[in-house]
Amino acid sequence: MLRLSKLADYAVVLLARMGTEGGLHTAPALATATGLAEPTVAKVLRMLSGAGLVEAQRGARGGHRLTRATAAIPLAEVIVAMDGPIALTACVDGASGGCEAEGHCPVRGRWDPVNAAVRAALTAVTIADLARPSCAELHHRPAVAPHHAAAE
């Protein structure tokens, strides 16, 4: 089963939140807004900063901001920043030493097109795509009663 790490999932949540509101975001504010633990938020922000997806501004009015719009941040880039290279198998793109059957494997190198297809699919999805409300959310929003001035 292909599964992303929790940190990759949290990174998507944080980036989507930052993109929705824009501007600078502190780790405590993001933790409160997302329900994630503040140390986890700080760790994810450091990793995203190291990958160039967010930038930090130090000082009393500091925080983190996106380096580009969420529509320009592919999901694949976030996954690589958090989890490393995207591959379904250990023997990908010429890598060696990850498998004991490597020397006589009949499918060695055959996974490369599959891995490329997975990377392409994940590159086609952006953080903005993931941050959009789903059809179910749009149709199941609670109705808001019109505001009427109360008789005094």
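In this text the structure is predicted, and so the values were computed from the model without any measurement. (Residues numbered from 1 in each chain as written. Predicted model: local features only at pLDDT ≥ 70, side-chain atom pairs only at ≥ 80, totals over all residues. Heavy atoms only, no water.)

Caption draft 1: Structural context of the packing of helix α4 (residues 75–83) against helix α5 (residues 112–124). Here α4 crosses α5 at 115°, and the two axes come no closer than 5 Å. The angle between α4 and α5 falls in the class roughly perpendicular. For the pair α4 and α5, the contacting residues are L75, A76 and I79 in the first and R119, L122 and T123 in the second. (Axes fitted to C-alpha atoms, helices over the stretch in contact; angles between N-to-C directions. Helix = DSSP H or I, 4+ residues; strand = E, 2+ residues; numbered from the N terminus. Parallel < 35°, antiparallel > 145°, perpendicular 65-115°, else oblique. Contact = heavy atoms within 4.5 Å.)

Caption draft 2: Structural context of helix α2 (residues 27–34). Here α2 has its buried residues at A27, L30 and A31. When α2 is viewed along its axis, its buried side chains cluster within an angular range of 105° and face the same direction. At the N-terminal boundary of α2, the capping side chain belongs to T26, with an oxygen 3.1 Å from the backbone nitrogen of A29. Following α2 by one or two positions, G35 adopts a phi angle in the positive range, close to 80°. (Buried < 20%, exposed > 50% of the residue type's maximum accessible area, 1.4 Å probe, protein only. Arc of directions from axis to C-beta. Polar contact = N/O pair within 3.5 Å; in protein donor to acceptor, adjacent residues only side chain to side chain.)

Caption draft 3: Representation of the environment of E77 in the model. Structurally, E77 is set in helix α4. Classification of E77 as partly exposed rests on a relative accessible area of 30%. Residues E77 and L53, spaced 24 residues apart in sequence, show a C-alpha to C-alpha distance of 8.7 Å. With near-sequence residues (within four places) excluded, E77 lies in contact with L53 and R68. Here the side chain of E77 touches R68 through a polar contact of 2.5 Å, side chain to side chain.

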